[in-house]
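Now for the letters of each chain:
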Amino acid sequence: MATTAPVPGTDTTTEPILEVEGLVKHYPLTRGVLFRKQTGAVKAVDGVDLALGRGETLGIVGESGCGKSTVARMLVGLERPTAGAIRYRGEDVTRLSGRALKAVRRNIQMVFQDPYTSLNPRMTVGDIVGEPFDIHPEAAAKGDRRRRVQELLEVVGLNPEHVNRYPHQFSGGQRQRIGIARGLALRPEVIVADEPVSALDVSVQAQVVNLLERLQDEFGLAYVFIAHDLSVVRHISDRVGVMYLGRVVETGTDAQIYGHPTHPYTQALLSAVPVPDPAARDRRERIILTGDVPSPADVPSGCRFRTRCWKARQRCADEVPRLAVPEAFRGGGGPAAHPSACHFAEERRAVPPDEPVPSRGGAR
Ligand SMILES: Nc1ncnc2c1ncn2[C@@H]1O[C@H](COP(=O)(O)OP(=O)(O)OP(=O)(O)O)[C@@H](O)[C@H]1O
Ligand code: SF4
Ligand SMILES: [Mg+2]
């Protein structure tokens, strides 16, 4: 259980196992060759709060460069945060070291975006999938490794007899299955999947998403599922966090975010999602965002979204909006009552009212 009070607005649907509070990653910008001087910082992640429940899927969406992969790398320990806490079962991982850290790390594994570059072409599939056992030899006795690797290949739908083949002998979808098998090897409780299907053909994407869902049920896994495709995230997620320029701007259940978004950025993103029914498509109001995403090295004052927001007013430049349930929706308990970092949050359905909003169960 958490040792501190829960982060406001990050209620999970099950007992929280991973909680992120005030997570920051700044990359220093330096000048000079001999006497390097810091001239600023790329604020890749700048105060992110998130929570993940046991067996739950948290989708993270946002445009390119908003900090999704940086969050992912910090969650699995590939990068150290500049500030903030990452609590796994109540324990702040950022303060652990040595054996204690290693024990926690076993439980949080990653699946990468690009199955073409994330697998070493000179290693056999068996060595790739079994690699986590080199780092955690306690997880599998040496003599038992080959059998374990073959079991893992079978679990992800690959032929266990192909254990001695090399990555180039597999298709893109099969390679991502190899990456998933490697992620599963240590029987983690959490898998952070950073755009796991974005590099794959559309026809193969559904197969890999279905595999991830089956594995979730089979092993009780919790996922942090990162994508820029809102349709894929809607299909797989129980809850969703929308990121913009290093921050989470809106978070809630998939029904809340897709059916009752209150943050202008979420509304704009959703208005661009393809709607299959032409009649519904005609009734929908498209929001075209103008201007580019500002540089994370020079973020706007107040609300970061204000340079592209059609509702921006003076208050938006003066005051940073907190990620909390907006005052207008507090007490009502309706679906719009979920955290949104906007001073002027309003409900605006992105999908026409009579259009069903698929939930996780219904969309499968
Ligand atoms: N090592 C680094 N040094 C400096 N800046 C970095 C570094 N890694 C990432 N950044 C910057 O941090 C910001 C966030 O990058 P990140 O890769 O996390 O975004 P993302 O949301 O995953 O984008 P994408 O959808 O394109 O994968 C970007 O502006 C990126 O250029
Ligand atoms: S706080 Fe202001 S600028 Fe930011 S999203 Fe809300 S209305 Fe737009
Ligand atoms: Mg990324």
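Residues numbered from 1 in each chain as written. Chains lettered and ligands numbered in written order. Predicted model: local features only at pLDDT ≥ 70, side-chain atom pairs only at ≥ 80, totals over all residues.

- Named according to an unreviewed UniProt entry, the protein is Dipeptide ABC transporter ATP-binding protein originating from Streptomyces chilikensis.
- The record in UniProt for the protein states the following under Sequence similarities (unreviewed entry): "Belongs to the ABC transporter superfamily." (UniProt positions renumbered as here; feature names shortened; annotations may be inferred.)

### Re the site of ligand 2
- For ligand 2, the full set of nearby residues is Pro264, Cys303, Phe305, Arg306, Cys309, Lys311, Ala312, Cys316, Pro321, Cys342, His343 and Phe344.
- Along the lines of polarity and charge, the residues of the shell around ligand 2 split into 9 nonpolar, 1 polar and 2 charged. (Near = placed C-beta within 6 Å. Nonpolar A, V, L, I, M, F, W, Y, C, P; charged D, E, K, R; others polar.)

### What to know about the pairing of strand E9 (residues 239-244)
- With 6 of 6 residues buried, E9 is to be regarded as a mostly interior element.
- Covered by surrounding structure in E9 are Arg239, Gly241 and Met243 together with Val240, Val242 and Tyr244, the residues of both alternating faces.
- Here strand E3 (residues 57-61) runs beside E9; their pairing, made up of 4 bridges, is parallel. For glycine 59, the partnering residue across the bridge sits in E9 and is valine 240.
- Hairpin connection of E9 to strand E10 (residues 247-253): 2 residues between the antiparallel strands, including leucine 245 at a positive phi of 45°. (Buried ≥ 20, exposed ≤ 12 C-beta atoms within 10 Å, placed from the backbone. Helix = DSSP H or I, 4+ residues; strand = E, 2+ residues; numbered from the N terminus. Pairing = 2+ DSSP bridges.)

### Details of the nonpolar core
- Membership of the largest hydrophobic core comes to 81 residues, with the highest contact counts inside it found for Val192 and Val224.
- Considering every element that reaches this core, the biggest residue donor is strand E2 (residues 37-53), with 6 residues.
- Those residues in contact with valine 224, other than ones at most four positions away along the chain, are Leu52, Leu58, Ile60, Ala72, Leu75, Val192 and Ala193. (Core = buried A, V, L, I, M, F, W, Y, C linked by C-beta atoms within 7 Å. Contact = placed C-beta atoms within 7 Å.)

### Side note on the UniProt feature "domain: ABC transporter" (unreviewed entry) in the protein
- Mapped onto the present numbering, the UniProt feature "domain: ABC transporter" (unreviewed entry) falls at residues 18-270.
- Annotated as 35% helix and 28% strand, the span residues 18-270 places its first and last C-alpha atoms 27 Å apart.

### A short note on the environment of glycine 65
- Of note, glycine 65 is situated in the loop between E3 and helix H1 (68-75).
- According to the C-beta neighbour criterion, glycine 65 is partly exposed, with 15 such atoms within 10 Å.
- Through-space distance from the C-alpha of glycine 65 to that of glutamine 267 is 19 Å; in sequence the pair is 202 residues apart.
- Contacts of glycine 65, omitting those with residues within four sequence positions, involve Val293 and Pro296.

### Notes on the sheet that holds E10
- An order of E6-E7-E8-E3-E9-E10 is seen for the 6 strands of this open sheet, with the pairing classed as mixed. With partners counted over all chains shown, the strands left at the sheet margins are strand E6 (108-111) and E10, one partner each. With direction set aside, neighbouring strand axes in the sheet form an average angle of 20°.
- Here E3 runs beside strand E8 (residues 222-226); their pairing, made up of 4 bridges, is parallel. Directly across from threonine 57, in E8, lies its bridge partner tyrosine 223.
- Packed on one face of the sheet, helix H9 (residues 264-271) meets E9 and E10 and runs near 105° to E9. (Axes fitted to C-alpha atoms, helices over the stretch in contact; angles between N-to-C directions.)

### Quick word on the packing of helix H3 (residues 125-135) against helix H5 (residues 172-184)
- Look at H3 against H5: their axes get within 7 Å of each other, and the N-to-C directions meet at 30°. The angle between H3 and H5 places the two elements in the roughly parallel class. For the element pair H3 and H5, the recorded crossing hand is right-handed. Across from Val125, Ile128, Val129, Glu131 and Pro132 in H3, the residues of H5 making contact are Ile178, Ala181 and Arg182.
- In terms of residue class, the contact of H3 with H5 is built from 6 nonpolar, no polar and 2 charged. (Parallel < 35°, antiparallel > 145°, perpendicular 65-115°, else oblique. Left-handed = near helix turned anticlockwise from the far one by under 90°.)

### What to know about the sheet that holds strand E1 (residues 16-31)
- A sheet is described by the order of its strands in space; here 4 strands give the open sequence E2-E1-E4-E5, paired in antiparallel fashion. The sheet terminates laterally at E2 and strand E5 (91-92), the two strands that pair on one side only.
- Sheet topology note: the E1/strand E4 (residues 83-88) ladder contains 5 bridges and is antiparallel. Paired with leucine 18 across the bridge in E4 is tyrosine 88.

### What about the site of ligand 1?
- Around ligand 1, 13 residues are found, and the nearest of them are Ala44, Ser64, Lys68, Ser69 and Thr70.
- Residue assignment for the shell around ligand 1 shows that the elements contributing at least two residues are E2 and H1.

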